[in-house]
Amino acid sequence: MGVAAAVLLGSGLILMIVPPVVRDGLCGLTSCADRVPVIAVSRVSPTELAVVVPDDAAPNVRRVELLQGGSSGSGSRQWMIRAERGSDTGSNPGSGSGGATSARTFLIGDEPDGFRTVVPLETEPQKGVWTAQVGFRCTTASLPFNPQALAVGEVRSWDGVMDGNDFASDANTSEHCLTERGSAELGLLLAGAALAVAGAVLGIVVVLRRPARFPEDGDDPAATSERDQDPDRV
């Protein structure tokens, strides 16, 4: 019975662990953070700012927005453009003289080809904390910045201030999305849980069915044998 308990428990754990690992690696078991393409902001002229996206990630851009204050969506939305359905957002018009040559630049307040304005820009950001956000295929990248800290031609990302070409060459462009488990994986999870519970219960039964041992019994079989001898023998 002990072997059966171990087999049930092991089989259940395998059914619970292996499918999510195959689906999404370690992130299938834990709440891994999504991997998001790096974005940046740049001052392309004394009066113009732009959100910069690596060229390889540009086709996956679904929206670009500017928030006043806060970060990760907590600020008030001051400008937003959204990609039109079926449009090619990966073109690189090279807006602005300070834009990176191998990155897509979105002038804040502008409406580039393939996008439509959802929230028009009322006032150019001048000072204080602002946040640029870019929604990709299934993730969102956020970058807080201070417009006063940007000089013309500079590009600021999470890695600091750099030249536009340096940003484009070193920026991460890959996007990793956590996938949801399917019905088959859910069935295996439930089956594995049932097998693991059955194995654990059977293991408890095996332990409880072991014969009770008392301190006076001792561990020496010879001593037990002597106590079992006929008391009339000398």
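Residue numbering note: each chain is counted from 1, following its sequence as written. Two thresholds apply to this predicted model, a pLDDT of at least 70 for residue-level local features and 80 or more for giving and counting side-chain atom pairs, whereas whole-chain, interface and lining totals are computed over all residues. Hydrogens and water are ignored here; the side-chain numbers use all heavy atoms of the structure.

### Some remarks on the overall build of the protein chain
Strands are runs of DSSP state E lasting at least 2 residues, helices are runs of H or I lasting at least 4, and numbering of each runs from the N terminus. Looking only at helices and strands, the protein chain has four helices and 10 strands in total. Helices and strands in the protein chain line up, N terminus first, as α-β-β-β-β-β-β-β-β-β-β-α-α-α. Relative accessibility thresholds used throughout: buried, under 20% of the residue-type maximum; exposed, over 50%; partly exposed, between the two (1.4 Å probe, protein chains only). Looking at the 234 residues of the protein chain, the share that counts as buried comes to 35%. By definition in these notes, contact holds between two residues if any of their heavy atoms fall within 4.5 Å. Of the contacts formed within the protein chain by residues at least 6 apart in sequence, a portion of 69% connects residues at least 24 apart. Computed by Shrake-Rupley with a 1.4 Å probe, the accessible areas treat only the displayed protein chains as cover when residues are assessed. Taken as a whole, the protein chain presents about 13500 Å² of accessible surface, with 54% of it coming from carbon and sulfur.

### Describing the sheet that holds strand 6 (residues 115–119)
Note on pairing: DSSP must find at least two bridges between two strands before they are called paired. Strand order in this open sheet of five strands is 6-4-3-7-8, and the pairing throughout is antiparallel. Only two strands of the sheet have a single neighbouring strand rather than two, namely strand 6 and strand 8 (140–145). The sheet shows a mean angle of 15° between the axes of neighbouring strands, taken without regard to direction. Summarising the sheet, strand 3 (residues 63–68) and strand 4 (residues 76–83) pair through six bridges and their orientation is antiparallel. Its bridge partner lying in strand 4, Leu67 is registered against Arg77. Between the N-to-C directions of two axes lies an angle of 0 to 180 degrees, each axis being a line fitted to C-alpha atoms and, for a helix, fitted only over the stretch in contact.

### Focus: the packing of aromatic side chains
Centre-to-centre distance and the angle between the planes together describe a pair of aromatic rings. We call Phe, Tyr and Trp rings a pair once their centres come within 6.5 Å, taking the six-membered ring for Trp, and we label the pair stacked below 30 degrees between planes, edge-to-face above 60, and tilted otherwise. Going through the model one piece at a time under the given rule, you end up with one aromatic pair. Aromatic pair Phe106 and Phe115: ring centres 5.4 Å apart, planes at 75°, arrangement edge-to-face.

### A word on the confidence of the model for the protein chain
Scored by pLDDT, the protein chain has a mean of 78; 72% of the residues are at 70 or more. The score called pLDDT rates the predictor's confidence residue by residue, from a low of 0 to a high of 100. Per-residue pLDDT stays below 50 along residues 91–102; that stretch engages in 23 contacts with residues further than four places along the chain or on separate chains.

### What about helix 1 (residues 2–24)?
Multiply 1.5 Å by the residue count of a helix minus one, and that product is the helix's expected span. Helix length check: helix 1 (23 residues) gives 34 Å between terminal C-alpha atoms against 33 Å at 1.5 Å per residue, within 8%. Those residues of helix 1 that sit buried are Ala5, Gly12, Pro19, Pro20 and Asp24. Its buried side turned inward, helix 1 meets helix 3 (183–208). Taken from the residues just after helix 1, Gly25 is the one with a positive phi, measuring 65°.

### Some thoughts on the pattern of salt bridges
Whenever Lys or Arg places a side-chain nitrogen within 4 Å of a carboxyl oxygen from Asp or Glu, that contact is recorded as a salt bridge. Tallied over the entire structure, the rule returns two salt bridges. Between Glu65 and Arg77 there is a salt bridge, and its shortest N-O distance comes to 2.6 Å. In this pair, Glu65 is assigned in strand 3 and Arg77 in strand 4, connecting sequence segments 12 residues apart. Taking relative accessible area as the criterion, Glu65 reaches 2% and is therefore assigned buried.

### Describing the pairing of strand 1 (residues 40–45)
Within strand 1, six of the six residues are buried, leaving the element largely enclosed by the surrounding structure. In terms of strand pairing, strand 1 meets strand 2 (residues 48–54) through five bridges, oriented antiparallel. Among the inter-strand pairings, Arg43 is bridged to a residue of strand 2, identified as Leu49. What sits between strand 1 and strand 2 in their antiparallel hairpin is a turn of two residues. Inspection of the sheet shows strand 1 paired to strand 9 (residues 154–157) by two bridges, in the antiparallel sense. What sits directly across from Ser42, in strand 9, is Val155.

### Notes on the environment of Ala83
Locating Ala83 in the fold gives a position in strand 4. Distance in space between the C-alpha atoms of Ala83 and Arg116 is 6.4 Å, their sequence separation being 33 residues.

### Here's the deal with helix 3
Taking 1.5 Å as the rise per residue, helix 3 with 26 residues should run 38 Å; its terminal C-alpha atoms sit 38 Å apart, in good agreement. Residues of helix 3 that are buried include every one of Glu185, Gly192, Ala196, Gly199, Leu202 and Val206, and no others. Those residues of helix 3 hidden inside the fold are in contact with helix 1.

### Description of the environment of Met16
Within the fold, Met16 resides in helix 1. In this structure, the C-alpha to C-alpha distance between Met16 and Gly187, residues 171 residues apart in sequence, is 9.7 Å. Setting aside anything within four residues of it in sequence, one finds Met16 in contact with Leu189, Gly192, Ala193 and Ala196.

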